[in-house]
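Remarks on the overall topology
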Amino acid sequence: MKHFLSTVDWTKEELQDILDYSKYLKTNRFQDSLKNKSVGLVFFNPSMRTKTSFELGVQELGGCVVVLNPGKDAWPIEFKLNTVMDKENEEHIIEVAQVLSEYCDLIAVRSFPKFKDINDDISDYVINSFAKYSKVPVINMETITHPCQELAHILTLQEELGSLEGKNYLLTWTYHPKPLNTAVANSSLLIASKFGMNIKMLCPNNEYLLHDSFIGSAKNNCSQNNKDFEITHDIEYGYKGADIVYAKSWGSINYFNKVDQEKEIRDQYKHFIVDEKKMSYTNNALFSHCLPLRRNIKATDAVMDSENCVAIKEAANRIHVQKSIMTNLIK
Ligand code: CP
């Protein structure tokens, strides 16, 4: 049984098959691949795009959907093994995943990192525990990576640019008042490198490097594809010659549990906002962001409202790629 937990587990060819069927679904929207099937969506964190696109996507494939928010409308879940459950958690993932598997044909999970212990976060134990005890395929709706966003991103870029082989791709850190999840940034490196692009990663300083596991995978992919991978802190150099600019804010993984100290550092880098001047250094690049986005903090109105901004197209593509993923896993 195959899960969709990370694109690392899928070959480029397998992912391209999912993307190609997504393109078909865009013009053949209503199918019956989930007829008489049910999908459980488990959200430990808020969502607008993911919740809406999954719920509607399941319905457009003829299936039923149930949404659960553990700790709110469902019991809080324990994940530690061999533990005495004398605190607030009412049931164990061992039972939760097995019971949900009896009701549902697919389970999708959103569980952001806790920002307390990087090793816990990197282990991605919540979704991996669902996958371990589930009897049905599990889909990642964003944990320490965001693979559904990755496919929507690549589908959008392929629609705009055709082949992505050899394109110059910039992942830029942007300012945000809070330390955000690294997931989309990690995912951006994984998927851009897998699809044969030259990558520059721009961030304020070495405190904002992403975890070695993601940088290592991206470097490895680039090396296998004979493409470049560079990390820079020089804004003009980062943007220069880019065909694609993907923006994301993330918190420093070196400052877990030191939120106030990290904020002092982060607040020095508000000028990393994506603006017209920075975009003018590029090769008339497309701009995108996973959304939600704070205007005039992460990117200016002018950039968001420009013809080069494909963020809405990328968000729209979420429903098509997710329908394709579900169809692939259920067959
Ligand atoms: N991009 C994304 O996953 O959006 P939501 O957090 O609104 O689901």
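Now for a description of the structure that goes with this document. (Residues numbered from 1 in each chain as written. Predicted model: local features only at pLDDT ≥ 70, side-chain atom pairs only at ≥ 80, totals over all residues. Heavy atoms only, no water.)

1. Structural notes on the environment of His 176
In this fold, His 176 is placed in the loop between β7 (168–173) and α7 (183–194). When neighbours within four sequence positions are excluded, His 176 is seen to be in contact with Ser 249, Arg 266, Arg 294, Ile 297 and Lys 298. Here the side chain of His 176 touches Arg 294 through a polar contact of 3.1 Å, side chain to side chain. (Helix = DSSP H or I, 4+ residues; strand = E, 2+ residues; numbered from the N terminus. Contact = heavy atoms within 4.5 Å. Polar contact = N/O pair within 3.5 Å; in protein donor to acceptor, adjacent residues only side chain to side chain.)

2. Regarding the site of the ligand
In the neighbourhood of the ligand, the contacting residues comprise Ser 47, Met 48, Arg 49, Thr 50, Arg 110, His 146, Gln 149, Cys 290, Leu 291 and Arg 318. For the shell around the ligand, the per-class residue count stands at 3 nonpolar, 4 polar and 3 charged. Among the domains, domain 1 (7–145 + 318–330) and domain 2 (149–314) are the pair contributing at least three residues each to the shell around the ligand. (Near = heavy atom within 4 Å. Nonpolar A, V, L, I, M, F, W, Y, C, P; charged D, E, K, R; others polar. Domains from an automatic or database assignment.)

3. Regarding the packing of aromatic side chains
Taken as a whole and assessed by the stated rule, the structure comprises 12 aromatic pairs. Note on Phe 115 and Phe 256: the rings are 5.9 Å apart at their centroids and 70° apart in plane angle, and the pair reads as edge-to-face. With a gap of 141 residues between them, Phe 115 in the loop between β5 (106–110) and α4 (118–123) and Phe 256 in the loop between β10 (244–248) and α10 (259–266) connect regions that are remote in the sequence. Taken together through their ring pairs, the aromatic side chains of Phe 44, Phe 79, Tyr 125 and Phe 130 make up a single cluster. Its end group placed over the ring of Trp 10, Lys 2 keeps NZ or CZ at 4.1 Å from the ring centre. Over the face of the ring belonging to Tyr 255 we find Lys 258, whose NZ or CZ atom lies 5.3 Å from the ring centre. (Phe/Tyr/Trp six-rings, centres within 6.5 Å; stacked < 30°, edge-to-face > 60°. Lys NZ or Arg CZ within 6 Å of the ring centre and 35° of its normal.)

4. Here's the deal with α7
For α7, spanning 12 residues, the distance from its first C-alpha to its last is 16 Å, which sits close to the expected 16 Å at 1.5 Å a residue. Judged by how many residues are buried, α7 sits mostly within the fold: 12 of 12 residues are covered. What α7 keeps buried is the set Ala 183, Val 184, Ala 185, Asn 186, Ser 187, Ser 188, Leu 189, Leu 190, Ile 191, Ala 192, Ser 193 and Lys 194. Looking one or two residues past α7, Gly 196 carries a phi angle of roughly 80°, positive in sign. (Expected span 1.5 Å × (residues − 1). Buried < 20%, exposed > 50% of the residue type's maximum accessible area, 1.4 Å probe, protein only.)

5. So, the nonpolar core
Counting residues in hydrophobic clusters, the biggest one holds 76 residues, and the most contacted among them are Phe 4, Ile 139, Leu 151, Leu 189, Trp 250, Phe 287 and Met 326. Residue-level mapping places this core at the junction of two domains, with at least three residues from each of domain 1 (7–145 + 318–330) and domain 2 (149–314). The contact partners of Ile 139, leaving out residues within four places of it in the chain, are Phe 4, Phe 54, Leu 106, Ile 107, Ala 108, Val 109, Ile 127, Cys 148, Ile 325, Met 326 and Leu 329. Membership of the second largest hydrophobic core comes to 18 residues, among which are Val 42, Phe 79, Cys 104 and Val 136. (Core = buried A, V, L, I, M, F, W, Y, C linked by side-chain atoms within 4.5 Å.)

6. Quick word on unusual backbone geometry
A cis amide bond links Leu 291 to the next residue, Pro 292, at an omega of 10°. With respect to the secondary-structure elements, Pro 292 resides in the loop between β11 (286–288) and α12 (301–304). One non-glycine residue with positive phi stands out, namely Asn 82, at about 50°. Within the secondary structure layout, Asn 82 lies in the loop between β3 (77–78) and β4 (91–92). Although it is not a glycine, Asn 284 adopts a positive phi angle of roughly 50°. By secondary structure assignment, the location of Asn 284 is in the loop between α11 (276–280) and β11.

7. A look at the pairing of β10
The buried fraction of β10 is high, at 5 of 5 residues. Here β10 shows no split at all, with Ile 244, Tyr 246 and Lys 248 on one side and Val 245 and Ala 247 on the other all buried. Bridge analysis of β7 against β10 gives 5 bridges, and the strand direction is parallel. By the bridge assignment for β10, Trp 173 is matched with Lys 248. (Pairing = 2+ DSSP bridges.)

None of this, on its own, says anything about what the molecule does.
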